[in-house]
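Chain by chain, the residues:
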Amino acid sequence: MRRLGLFVLLACVLLLVSCSPAPASDPEVEALIQVDLILPTGPVETLQSVPFEARVTQGEEPVADAQEVSFEFRLVGQDEHDLIDTNHAENGSYRIDKTFEAEGTYEVTAHVTARGMHVMPKKEIVVGNPGKK
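Values in this document were obtained by computation on a predicted structure and should not be read as measured data.

Caption draft 1: Region of the structure containing the side chain of Gln58. Its place among the elements puts Gln58 in strand β2 (residues 49-58). For Gln58, a relative accessible area of 6% puts it in the buried group.

Spelled out as structure tokens, the structure:
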């Protein structure tokens, strides 16, 4: 008799668990923000103004309400860096123009904070001909 009671109790618990609805998922939480860091194409010379862009999206939607978007420029091998803040231009794009005073290889990092997330994509760019002296 005791086994029968335990079996009925276990069957009831399994029935309740299998009939309960699945937890609702929030699609905005699931989609991470993506940042496409776009650097100038072609050679970059010193004392030349060049454009930089960060395209911010979440899923297929452009993000126009980022709390922070800035570009960090650091000459490879050095600790000093420039940090330039920017605002939304259009369609999830955040842009700046930058002029480099010295030749070399630079790390460019976009710092993006939007919708509770922080993303920092990094790329390198060569300015001038740092290998030739």
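Caption draft 2: Region of interest: the nonpolar core. In this structure, Phe52, Phe71, Phe100 and Ile125 are the most contacted members of the largest nonpolar core, which totals 26 residues. Of all the secondary-structure elements, those providing two or more residues to this core are β1 (33-38), β2, β4 (68-75), β7 (93-99), β8 (104-114) and β10 (122-127). Looking at which element gives the most residues to this core, the answer is β8, with 5 residues. For Ile125, the residues in contact, after removing those within four places along its chain, are Leu39, Pro40, Val44, Phe52, Phe100, Gly104, Thr105, Tyr106 and Val108.

Caption draft 3: Expanded view of the packing of aromatic side chains. Under the counting rule described, the total for this entry stands at 4 aromatic pairs. Where Phe52 meets Phe73, the ring centres are 5.0 Å apart and the plane angle is 70 degrees; that geometry is what we call edge-to-face. Residue Phe52 is located in strand β2, and its partner Phe73 is located in strand β4; the two are separated by 21 residues in the primary sequence. Aromatic side chains Phe73 and Phe100 sit 5.7 Å apart centroid to centroid with 80 degrees between the ring planes, which places their arrangement in the edge-to-face category. Of this pair, Phe73 sits in strand β4 while Phe100 sits in the loop between β7 and β8, and the two are 27 residues apart along the sequence. Comparing Phe73 with Phe100, the two get one shared label, buried.

Caption draft 4: Here's a closer look at the layout of surface pockets. Reported here for the largest pocket is a volume of approximately 210 Å³. Forming the boundary of the largest pocket are 13 residues, of which Phe73, Leu75, Asp82, Lys98 and Tyr106 lie nearest the centre. At the level of secondary structure, the elements contributing two or more residues to the lining of the largest pocket comprise β4 and β7.

Caption draft 5: Just the pairing of β4, in detail. The buried count for β4 comes to 6 of 8 residues, which makes it a mostly enclosed element. In terms of strand pairing, β4 meets β8 through 8 bridges, oriented antiparallel. Residue pairing across strands places Val69 opposite Val112, the latter belonging to β8. Where β4 meets strand β5 (residues 82-85), 4 bridges bridge the pair, whose relative direction is antiparallel. The partner of Glu72 across the bridge, within β5, is Leu83. Counting the residues that bridge the hairpin from β4 to β5 gives 6 residues, and of these Gly77 lies at a positive phi of roughly 90 degrees.

Caption draft 6: Just the pattern of salt bridges, in detail. Applying the stated criterion across every chain yields a total of 8 salt bridges. Two residues, Glu53 and Arg55, come together in a salt bridge whose shortest N-O distance is 3.0 Å. In this structure, Asp65 engages Arg115 in a salt bridge whose closest nitrogen and oxygen atoms are separated by 3.2 Å. Residue Asp65 is located in the loop between β3 (61-62) and β4, and its partner Arg115 is located in the loop between β8 and β9 (117-119); the two are separated by 50 residues in the primary sequence. One connected set of salt bridges, linked through shared partners, spans Glu53, Arg55, Glu90 and Arg95.

Calculation rules
- Residues numbered from 1 in each chain as written.
- Predicted model: local features only at pLDDT ≥ 70, side-chain atom pairs only at ≥ 80, totals over all residues.
- Heavy atoms only, no water.
- Helix = DSSP H or I, 4+ residues; strand = E, 2+ residues; numbered from the N terminus.
- Buried < 20%, exposed > 50% of the residue type's maximum accessible area, 1.4 Å probe, protein only.
- Core = buried A, V, L, I, M, F, W, Y, C linked by side-chain atoms within 4.5 Å.
- Contact = heavy atoms within 4.5 Å.
- Phe/Tyr/Trp six-rings, centres within 6.5 Å; stacked < 30°, edge-to-face > 60°.
- 1 Å grid on protein atoms, 1.4 Å probe; cavity = no way out; pocket = protein on both sides within 12 Å on 5 of 7 lines; lining within 4 Å.
- Points joined across faces, edges and corners; volume = space filled by probe spheres on them.
- Pairing = 2+ DSSP bridges.
- Salt bridge = Lys/Arg side-chain N within 4 Å of Asp/Glu carboxyl O.

It is worth stressing that arrangement in space is one thing and function is another; only the former is reported here.
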